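Breakdown of the fold
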Amino acid sequence: MDPNHPAPDAPTPGDSAATRPARWWHQTRAQRATLVVIVALGAVLTSWNLARGGDSSFYAAAARSMSESLPAFLSGSFDPGATVTLDKLAGFAVPQAVSIHLFGMSTASLALPQVVEGAVTTLAVSVVTLRWLGARAGLVAAALAASTPIFVSMFGHPMEDGLLTMSLAVALVWWQRAALTRTWWPLLLAGLFVGVGFQAKMLQAWMVLPALVVATVVATAGPGRRWRRFAGHVAALVGAAVVASLSWSVVLGLLPTGDHPYFDGSTDDSVFAMVFGYNGVDRFLPGLWPGAVGALGAAVGHAGTHVADAWRTATTGRAGSGHSLLQLFSPRYASQVGWSWPAALTGTGIGAVRWWRRRSDREALLPAATLVALVVWLVTAVAVLSVLRLPHTAYVAGIGVQLAALGALGWLGAAGLVDADDRRLRLVPVGLLVVQGAWWAWLARASSEPALLGTVAVGVTVVTLVVLVVRWRRSDPTVLRTRGRRTAAGLLVAAVVLGPACFSLQVLDAARDGSGGDASVGVAQGAFARGGGTPERAFALGRGGTGGTRTGGQSSGAAAFTISAPDVIGGHTGLPADEADLVAAARRAGGGRDGAPLFLTDSWRIAADVIGDTGDEVLTDGGFSGRVPVFTAAQVESIVRSGRTHLLVVASGTAATDPVRRAGADLGCRVVQRWGSTFADAAPGRSFGGGNTSFALERCS
């Protein structure tokens, strides 16, 4: 295939297919069946350990609360009584809450929606590529998406990144439909899904908007007054995205203070301080947004140091404080999402030659627009993620969709050049195989991939290279063009897909499947593998003894790769003994009667475990950071005097100014019982483990 001509099964923008986007149900039965198999195999991988590794107990408790209380569901609250929200928008927890409501509280119920989100993401990537490049490339893109390691782990755990990734992939589908049909209404749906992504992970969802706007400019380019169409289309897209993104925040922010829960992440009960401060600019410049709790500054990069970091990186290869601006290409992150870099870069180059130089032609305009959308989105995400100090590995899923689609373009272009008349063009697939084989070999070795899996992936790449060279040595050009072309294309598919696919097979070992706090495949290298033991209740409702427990800074995943039995139903560890005793003692003391709160505490860690396990209302002060003034001491005293609750639980180590501690002292509350807790959880950026924490149940008469 010449790079200046489209694939045989690709829609030509100049014909009726330009206004009737290709659909999978119009493809051959074999192609539809292959797509179903790809999606099904991806779902098997993501759900293999569904009941083993749960979410952070803080977010699991919120999902449980939202499943049992309509006010908590509508407001995204941490507790069933809807007194305080999560420290971020709770859109990601909505599918989890629905699942818990339908199937009961368990690890599998929490994670099941993410499996569905993963399947939808794979389908969305395949649809975009089908319309762009044809059915064969669509299947390759689907295979790359379904086998991307970070997707395989992330979509098997209850994390907000799953809904974000799915939403942006679907937004791209609707944007592409608008470009192909030259209508504006699909852009409203594209903006809507960007807004859904915003509800899942806030500002990170807006990283796709520059790409869609620039691509809309390309798609509407041409003579005449096309600027009016462009302006209208961009207004529809951006307007819908902004409205869908901010609607929930605006509605709750306009309610009187007493009619909405306290907004965690803020010190002044401001939803915008939570969204744009605590979860936005505060991650670059702590303290810049008034009213935001600067709790995450240590976990992410500060903008003021980036110039110095860039200089250090250029001269030493490392940035300040151990943060590399090339971190996405390090083994920790590249092994999770970067296997397709060689194919994606090859595809970008082929696409630029094939369409961009001919973008003034109607036939090349729309494919060029899709290429621009993917490349600009990829560049934007890489730039942002390179600057940030990533709190956990799932952030790199932000480049997975783009790499899958561009990787499919790389495969299609390379396969088309295998028999090119110009022998120099045949060097493209050879170069791709050489570079990709070397890249895969390095990733496999640097990330401790089991030797068998790594050897299969790299070995097939070498075999493909040998087959191509042997074919080219044949003297009969007729034979060259009529025999073995499908074999060569099939081997190229394997050579593009097997790298991430083999690496992702490690999730069949429960010790190599990551967790709800740091989704990743293989031997743990993330924030939760830096020494110390993973605490018993660090992640809620996971089965004990699995998920790669680390000791002494080493992951159990470093042991031999073994296939674990599938575990897809249930999953519940129960409360630690001290917290179970606390619940029993609180109930004996009258807590939780007639719908009243079980107790009021200054520790979300205690509250999260109790809410997640029992579903009982627990009033909680301090928020996720421990520094959010949900209640003042006077308000705590008023709650006690009103009879709403007369039990306080105070954790050790709290300051004398802690409102719950102060109220207990002012009211003369007496200690009913003390415990030494085995629980331990941490906010992002804090180390896990540490010593036991004691807490006391106090009764106020």
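Predicted, not measured: the structure shown is a model, and the values here were computed from it. (Residues numbered from 1 in each chain as written. Predicted model: local features only at pLDDT ≥ 70, side-chain atom pairs only at ≥ 80, totals over all residues. Heavy atoms only, no water.)

A word on the overall build of the chain
The line we're drawing: Only runs of H or I of at least four residues qualify as helices and only runs of E of at least two qualify as strands under DSSP, and these elements are numbered from the N terminus. Each residue is placed in one exposure class: buried if its accessible area under a 1.4 Å probe, protein chains only, is under 20% of its type's maximum, exposed if it is over 50%, and partly exposed if it falls in between. In this description, contact between two residues means that some pair of their heavy atoms is separated by no more than 4.5 Å. The protein chains shown are the only cover counted for residues, whose accessible areas, like all others here, come from Shrake-Rupley with a 1.4 Å probe.
For the chain, the helix and strand inventory stands at 25 helices and seven strands. Looking at the 701 residues of the chain, the share that counts as buried comes to 60%. Of the contacts made within the chain by residues no fewer than 6 positions apart, 73% connect residues no fewer than 24 positions apart. Surface accessibility of the chain: about 26400 Å² in total, with carbon and sulfur atoms responsible for 62%.

Quick look at the state of the cysteines
Such a bond, covalent and formed between the sulfur atoms of two cysteines, is termed a disulfide. Basically, it comes down to this: In plain terms, two cysteine sulfur atoms within 2.5 Å form what is called a disulfide here.
Under the criterion given, the structure shown has one disulfide. In this model, Cys669 is linked to Cys700 through a disulfide, with the two sulfur atoms separated by 1.8 Å. For the disulfide bridge between Cys669 and Cys700, the dihedral angle about the S-S bond is near 100 degrees, and by the sign convention the bridge is right-handed. Here Cys669, found in the loop between helix H25 (659–667) and strand S6 (670–677), pairs with Cys700, found in the segment after strand S7 (693–699); they are 31 residues apart in sequence, far enough to count as distant. With a relative accessible area of 4%, Cys700 lands in the buried category.

Considerations on the environment of Leu468
Structurally, Leu468 can be placed in helix H19 (residues 451–472). Leu468 sits in the buried class, given a relative accessible area of 0%. Separated by 23 residues in the primary sequence, Leu468 and Leu491 have C-alpha atoms spaced 9.5 Å apart. Every residue in contact with Leu468, bar those within four places of it in the chain, is listed here: Val418, Pro429, Leu433 and Ala488.

Considerations on the packing of helix H18 (residues 427–446) against H19
Packed helices, taken two at a time, are described by their axes: the angle between them and the distance between them. Under the convention used in this document: Here, axes are lines fitted to C-alpha atoms. For helices the fit covers the stretch in contact, and angles between N-to-C directions go from 0 to 180 degrees. An angle counts as roughly parallel when it lies under 35 degrees, as roughly antiparallel when it exceeds 145, as roughly perpendicular when it falls between 65 and 115, and as oblique in every other case. Left-handed describes a crossing in which the near helix is turned anticlockwise from the far one by less than a right angle; the clockwise case is right-handed. Think of it as three bins: nonpolar holds Ala, Val, Leu, Ile, Met, Phe, Trp, Tyr, Cys and Pro, charged holds Asp, Glu, Lys and Arg, and polar takes everything else, Gly as well.
Across the interface, H18 lies against H19 with an axial gap of 9 Å and an inter-helix angle of 165 degrees. Viewed along their axes, H18 and H19 adopt a mutual orientation that is roughly antiparallel. The handedness of the crossing between H18 and H19 comes out as left-handed. Where H18 approaches H19, its residues Pro429, Val430, Leu433, Val434, Gly437, Trp440, Ala441 and Ala444 are matched on the opposing element by Gly454, Ala457, Val458, Thr461, Thr464, Leu465, Leu468 and Trp472. Along the lines of polarity and charge, the residues of the contact of H18 with H19 split into twelve nonpolar, four polar and no charged.

Description of the pattern of salt bridges
Basically, it comes down to this: Every case where a carboxyl oxygen of Asp or Glu lies within 4 Å of a side-chain nitrogen of Lys or Arg is listed as a salt bridge.
One pass over the full model with this rule turns up eight salt bridges. Two residues, Arg512 and Asp509, come together in a salt bridge whose shortest N-O distance is 3.7 Å. Per residue, the accessibility class of Arg512 equals that of Asp509, and both read buried. The salt bridge partner of Glu637 is Arg641, with a shortest N-O separation of 3.3 Å. Note that Glu637 and Arg641 are positioned in helix H24 (residues 633–641) at a spacing of four residues, about one turn of the helix. Given a relative accessible area of 13%, Glu637 falls into the buried group.

A closer look at a nonpolar patch on the surface
Applied cut-off: Patches were defined on residues exceeding 30% relative accessible area and lacking a salt bridge, with like-charge contacts within 9 Å and nonpolar side-chain contacts (Val, Leu, Ile, Met, Phe, Trp, Tyr) within 5 Å.
Judged by side-chain polarity, Val94, Val98, Leu102, Phe103 and Leu112 come together as a nonpolar surface patch covering roughly 440 Å² of accessible area. Considering every element that reaches the nonpolar patch, the biggest residue donor is helix H4 (residues 93–103), with four residues. Positionally, Leu102 belongs in helix H4. A relative accessible area of 57% means that Leu102 is categorised as exposed.

Some thoughts on the side chain of Gln336
As for its placement among the helices and strands, Gln336 is situated in helix H14 (residues 331–337). Sequence-distant contacts of Gln336, defined by excluding residues within four places in its chain, comprise Thr148, Pro149, Ile150, Thr393, Val396, Phe503, Ser520 and Val521.

Topic: the environment of Val430
Tracing the backbone shows Val430 in helix H18. When its relative accessible area of 17% is taken as the criterion, Val430 is described as buried. Between the C-alpha atoms of Val430 and Val469, which are 39 residues apart in sequence, the distance is 8.4 Å. Excluding residues within four positions of it along the chain, Val430 makes contact with Leu465 and Trp472.

Description of the nonpolar core
Quick reminder of the rule: Among the buried residues, those of types Ala, Val, Leu, Ile, Met, Phe, Trp, Tyr and Cys that are joined through side-chain atoms within 4.5 Å form a nonpolar core.
Phe78, Trp132, Trp175, Ile399 and Phe599 are the most contacted members of the largest nonpolar core, which totals 187 residues. Top element by residues in this core is helix H16 (residues 362–387). It accounts for 14 residues. Residues within four places of Trp175 in sequence aside, it is in contact with Leu187, Ala190, Leu212, Ala215, Thr216, Ala369, Thr370 and Ala373.

Some words on the environment of Arg670
Tracing the chain through its elements places Arg670 in strand S6. Overall, Arg670 belongs to the exposed group, its relative accessible area being 52%. As a C-alpha pair, Arg670 and Ala696 span 26 residues in sequence and 9.8 Å in three-dimensional space. Once residues within four sequence positions are removed from consideration, Arg670 is found in contact with Leu697, Glu698 and Arg699.

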